[in-house]
Every structure is written in C-alpha cells, then in structure tokens.
Amino acid sequence: MIDIASRVYNHTWKIDPIVRSVLDTDFYKLLMAQTIYRRHFQTRVTFGIINRTSRVRLADFIDESELREQLDHVRTLSLTRGESTWLRGNMFYGKRQMFSPDFIAWLEGFRFPPYHLEKRDGQFELTFEGPWIETTMWEIPALAIVNELRSRAVLRGMGRFELQVLYARAMTRVWEKVERLRALDGVNVADFGTRRRHGFLWQDWCVQAMIEGLGDSFLGTSNCLIALRREVEATGTNAHELPMVYAALADTDEQLAEAPYRVLLDWQQDYDGNLRILLPDTFGTTGFLAHAPDWVDKWTGIRIDSKEPIAGGEEAIAWWRSRGQDPKEKLAIFSDALDVDDIERIHRHFHGRMKLGFGWGTLLTNDFRGFVADGGLDPISIVCKVISADGRPTVKLSDNPTKAMGPAGEIARYKRVFGVAAQAEREILV
C-alpha cells in the first residue's frame, strides 16, 4: 500500500500529476458523452468553475502557474490501448460493449480543448468553451485539479511526522465510518467522490478501504481509472447537465416544458436496466413527477439529490404508488452531501420500503475537517457547470434554491414554465 504521507512530503506534480489519465473521470461523464456524441455533436457550450464557498479565496493561495501546469498536462493525455480495451470489452451494468465502436474511436482520438483562466476578486475564473462533446470532458478533471492544488497548498509547510499523523487520523476516521456502514443490514454504497476529492491517491485508498470493509455491500466507484485498476464496478448514470442544455436549446415555452422528458427519451434509446435512473430535480422534482409521461414511471428508479432526503424519498414512494407501481421494486439512490449519519438515518427510514443505494462523495474522499487550523482542509462547495449552450444561458432551479443558477429573468421564466412555487432553502455543505 502506498505511503501517502511520504508521497505528499516528497512529491512534485511531475511525479504525481493530479489527473493522470483520460479515464480519471466519473463513469457518468462517459455515458453522457456517448449520448452527446450521437445527438449533439455540433452543439457548442461553455462550462465554468463556480466556487460556492466564496469565503475561501482560492486564488490567494493556489499558485496560478501550478494550476496552468496541471491543466496543460491534462491536454497532453490520450486514451491508452489498455484503457480502450477495458472500455470495449469490460462488462458495465451487466452489459458488454456498452460503448459503441464509433464512440470509442472518437475517444481514442480525443484531446482536451483549450481553457481560459484569469483571476478575479480572489477566485479563479476558469472556463471551457467549444463543442459540447469536448468541453464536457473538462468538468471532472478541472474540479479534481483545483481541489487537490488547494490540499497541496495547505500541506506544503507540514513536516514528515506531522503528515504521518494527519493521514493516520484521516484513515482512522474513514475506517470508523466504514465499520458503522457495515453494521447496516443490506446497505449498498458506492464511491462518488472524484470531483471534490482530497487527492487521487487518497481516493484510491478510500476505495480500497471500502472494498475490504464492506465486501459485497460496496457497489463500486464512479472513478473509471480506479475501477479499472482495482477491478471493481464503475458506477454512475447521468447529471443535471443534460436537461440544462436541452432546455437552453428549446425555442418555445412548450419545448422548454418537454425538454427534461426528451432527455429521457434519448437516454432510454442508449441505456437500460439500472442505468434508467431518473434525476428529476433540475427544474423541480414535484413538477417533473406530476407531468411525467406514463412510460417514465416504468424506469428502474430515481436519484434523490437536492431535496431533503426523507421528503424526497417519501415523494417518490407516493408518486410510484399513484402510478400503480410497487415502490419495493424500485431503486432510490441518495447522493447529496451524504455522510454516515445521513446514510444511517435514510437507511433506517426506508429500509424494506424501496431498494436503496447511496452515492457517498466528498465526505468520503475529502473529510479532513478539524485536522488543520482555520479549517484549511475542510471541503468546499465547488462545481463546474455548463453556463451556456449555443449562445443561450443555461438554468438550474434545483429543489434547493440555494443551488439555483442562471440569469434572474431566465430563472423567473423557468419557474413559471415548470410551475415551481416557494422552496425551502437547505444549507450547502459540499
């Protein structure tokens, strides 16, 4: 097992590049990229980094030249022969050849497009503009780079023994969490922690701990490179990016109202089984479920993201029942800023009423809270979101208005079209 403390003490980025492979990304990104490749190859979008924890002035302590070096390194990466073979021949979600030969051929020739970087008011303005199929690939590595550079900046002044103690404490914390999860009857947990991880080596360690500690209760990891190396399942479905772009491309209010369901029509042409998981909260879960076509309730399950999890789960159960579906045959995946307390509470409430899955993210792979003065290693809420599509602004309403994004006029229009009433704000941790 790698001595992470020694590597942190000794390394330069040339030894440990933050992103070391095109596959150092989340599985859902490849699934969505294939859908984009097939239907929106010419669409142009802009992605941008948004630090929602604005009190943490990233540009004040992350060196801009280091950030550029890491981003430039990513632009040198290409899919290796072994990685291509894994994508072509491995079984994902019980299916071989999940990715078509033409998409794999495109991915083999893919190189990350240029970026735009500047400092503004203590933050980095980092954007990616170009064909959607290319810029979408920046989301995960860009977030991983910014988060790990922050970690490295904080750790740079620590001594060897101080680092050993720091990582020993963090390892103990993770293992204690794993032991608590192991005590839950029939729990199913996946690693969703790539985007805001402390570092690649640390995420890899956390996955190994889950493999040993949880056994069959560990569903796998969203990180494709770690899934390949550790021979575990690659997990993930889709994200808010798809409905946000589809909605932005709509020409009328009627087309806008249909956009979230057009995403699902395209998705079910590409994927089946446990990949047919609804993500209904982009423009409000309640309205999405109320107006969903009859075929939508036949999907395998739902992901509860921005809504309070107990309320979201109960809403899903009530909706399935109203559509004549048996909730016990449906899968609910919970994924918003979860930690062990949340997983225990949700599991206790819904166990036996639905099939349950948990996507454990930042508070698995970046929980160093309280280990450094002034919260220097505490995780922050940072995202990389699509902000325009073919020159039109994108919008996200969310079930949590604190996460809403887009121009005020467009947000008001979307609320009218999707019938979004007053919403309860929830504090954003990560």
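Residues numbered from 1 in each chain as written. Predicted model: local features only at pLDDT ≥ 70, side-chain atom pairs only at ≥ 80, totals over all residues. Heavy atoms only, no water.

Going by the annotation in an unreviewed UniProt entry, the name recorded for the protein chain is Nicotinate phosphoribosyltransferase, with Ancylobacter oerskovii given as the source organism. Per its UniProt entry, the protein chain bears the Catalytic activity (unreviewed entry) comment "5-phospho-alpha-D-ribose 1-diphosphate + nicotinate + ATP + H2O = nicotinate beta-D-ribonucleotide + ADP + phosphate + diphosphate". Quoted verbatim from the Sequence similarities (unreviewed entry) field of the UniProt record, the comment on the protein chain reads "Belongs to the NAPRTase family." (UniProt positions renumbered as here; feature names shortened; annotations may be inferred.)

Student: Honestly, the UniProt feature "domain: Nicotinate/nicotinamide phosphoribosyltransferase" (unreviewed entry) in the protein chain in this entry has me stumped. Any pointers?
Tutor: Those places that UniProt annotates as "domain: Nicotinate/nicotinamide phosphoribosyltransferase" (unreviewed entry) correspond, in this numbering, to residues 188-419. A helix fraction of 41% and a strand fraction of 14% characterise residues 188-419, whose end C-alpha atoms lie 35 Å from each other. (Helix = DSSP H or I, 4+ residues; strand = E, 2+ residues; numbered from the N terminus.)

Student: I keep staring at the packing of helix α2 (residues 27-39) against helix α5 (residues 101-109) and nothing clicks. Help me out?
Tutor: A packed helix pair is summarised by two numbers, namely the angle formed by the two axes and the spacing between the axes. Interaxial distance between α2 and α5 falls to 10 Å at its minimum, and their mutual angle equals 105°. As the angle between them shows, α2 and α5 are arranged roughly perpendicular. In contact with Leu30, Ala33, Gln34 and Tyr37 of α2, α5 contributes Asp102, Phe103, Trp106 and Leu107. When grouped by side-chain class, the residues that make up the contact of α2 with α5 number six nonpolar, one polar and one charged. (Axes fitted to C-alpha atoms, helices over the stretch in contact; angles between N-to-C directions. Parallel < 35°, antiparallel > 145°, perpendicular 65-115°, else oblique. Contact = heavy atoms within 4.5 Å. Nonpolar A, V, L, I, M, F, W, Y, C, P; charged D, E, K, R; others polar.)

Student: Could you clarify how one ought to interpret the packing of helix α8 (residues 160-182) against helix α9 (residues 200-214) in this entry?
Tutor: Taken N-terminus to C-terminus, the directions of α8 and α9 make an angle of 35°; their axes are 10 Å apart at the nearest point. Viewed along their axes, α8 and α9 form a crossing whose handedness is right-handed. When α8 is examined against α9, the residues Tyr167, Ala170, Met171, Val174, Trp175, Val178, Leu181 and Arg182 are found in contact with a partner set consisting of Trp202, Trp205, Cys206, Ala209, Met210, Glu212, Gly213 and Leu214. Partitioned by chemical class, the residues of the contact of α8 with α9 number 13 nonpolar, one polar and two charged. (Left-handed = near helix turned anticlockwise from the far one by under 90°.)

Student: How do you make sense of the sheet that holds strand β4 (residues 116-120) when you look at a structure like this?
Tutor: The pairing of strands in a sheet happens through backbone hydrogen bonds and is either parallel or antiparallel. One open sheet holds the five strands; their spatial order is β4-β5-β1-β12-β13, and the pairing between them is antiparallel. The outermost strands of the open sheet, each flanked by one partner alone, are β4 and β13 (392-393). Across two bridges, the pairing between strand β12 (residues 382-389) and β13 is antiparallel. Residue pairing across strands places serine 388 opposite proline 393, the latter belonging to β13. Running at roughly 160° to β4, helix α3 (residues 64-74) makes contact with β4 and β5 (123-131) of the sheet. Of the strands in this sheet, β1 (44-51), β5 and β12 touch helix α7 (residues 139-155), which is tilted by about 145° from β12. (Pairing = 2+ DSSP bridges.)

Student: Is there a simple way to explain the environment of aspartate 272 in this structure?
Tutor: Following the sequence through the fold, aspartate 272 ends up in the loop between α12 (253-270) and β8 (277-278). Sequence separation between aspartate 272 and glycine 122 is 150 residues; the distance between their C-alpha atoms is 45 Å.

Student: Which parts of the structure should I look at to understand the pairing of strand β11 (residues 355-360)?
Tutor: A regular strand places its side chains so that they alternate between the two faces of the sheet. Among the six residues that make up β11, five are buried, leaving the element largely enclosed by the rest of the structure. Running through helix α15 (residues 340-350), the crossover from strand β10 (residues 331-334) to the neighbouring parallel element β11 is right-handed. (Buried < 20%, exposed > 50% of the residue type's maximum accessible area, 1.4 Å probe, protein only. Right-handed = clockwise from strand over helix to strand, strands pointing away.)

Student: How should the environment of valine 189 be read in this particular structure?
Tutor: Positionally, valine 189 belongs in strand β6 (residues 189-191). Remark: the alpha-carbon pair of valine 189 and arginine 353, spanning 164 residues in sequence, is separated by 17 Å. Apart from the residues lying within four places of it in its own chain, the contact partners of valine 189 are Leu181, Met210, Leu214, Ser217, Phe218, Leu219, Gly220, Phe358 and Trp360.

Student: What is the right way to read the nonpolar core from this model?
Tutor: In this structure, Leu87, Phe99, Leu107, Leu166, Tyr167 and Phe334 are the most contacted members of the largest nonpolar core, which totals 141 residues. Among the elements that take part in this core, α9 stands out by supplying nine residues, more than any other. Those residues within four positions of tyrosine 167 in sequence are excluded, and the remaining contacts are Ile4, Ala5, Val8, Leu155, His198, Trp202 and Phe368. (Core = buried A, V, L, I, M, F, W, Y, C linked by side-chain atoms within 4.5 Å.)

Student: Is there a simple way to explain α8 in this structure?
Tutor: In an α-helix there are 3.6 residues to a turn, and that puts residues three or four apart on one side. Taking 1.5 Å of rise per residue, the 23 residues of α8 would be expected to cover 33 Å, and the 33 Å separating its terminal C-alpha atoms lies within 8% of that figure. Residues Leu163, Leu166, Tyr167, Ala170, Val174, Lys177, Val178 and Leu181 constitute the buried set of α8. (Expected span 1.5 Å × (residues − 1).)

Student: What is the right way to read unusual backbone geometry from this model?
Tutor: For residues that are not glycine, phi is negative in most cases, and the peptide bond is trans in most cases. For glutamate 231, which is not a glycine, the phi torsion comes out positive at approximately 55°. Inspection of the secondary structure puts glutamate 231 in the loop between α10 (224-230) and α11 (241-248). Its identity as a non-glycine residue notwithstanding, aspartate 390 has a phi of 50°, on the positive side. Within the secondary structure layout, aspartate 390 lies in the loop between β12 and β13.

Student: Is there a simple way to think about empty space enclosed by the protein in this case?
Tutor: The method is simple in principle: a probe with the dimensions of a water molecule rolls over the atoms, and the space it marks as empty is what remains. Applying the stated criterion to the full structure yields four cavities of 30 Å³ or more. Space inside the largest cavity adds up to approximately 130 Å³. As for the largest cavity, its lining consists of 15 residues, of which Val8, His11, Glu148, Tyr167 and Gly199 are closest to the centre. When residues of the lining of the largest cavity are traced back to their parent elements, those giving at least two are α1 (4-10), α7 and α9. The greatest single-element share of the lining of the largest cavity, amounting to four residues, is contributed by α7. For the lining of the largest cavity, a count of residues per class yields seven nonpolar, four polar and four charged. (1 Å grid on protein atoms, 1.4 Å probe; cavity = no way out; pocket = protein on both sides within 12 Å on 5 of 7 lines; lining within 4 Å. Points joined across faces, edges and corners; volume = space filled by probe spheres on them.)

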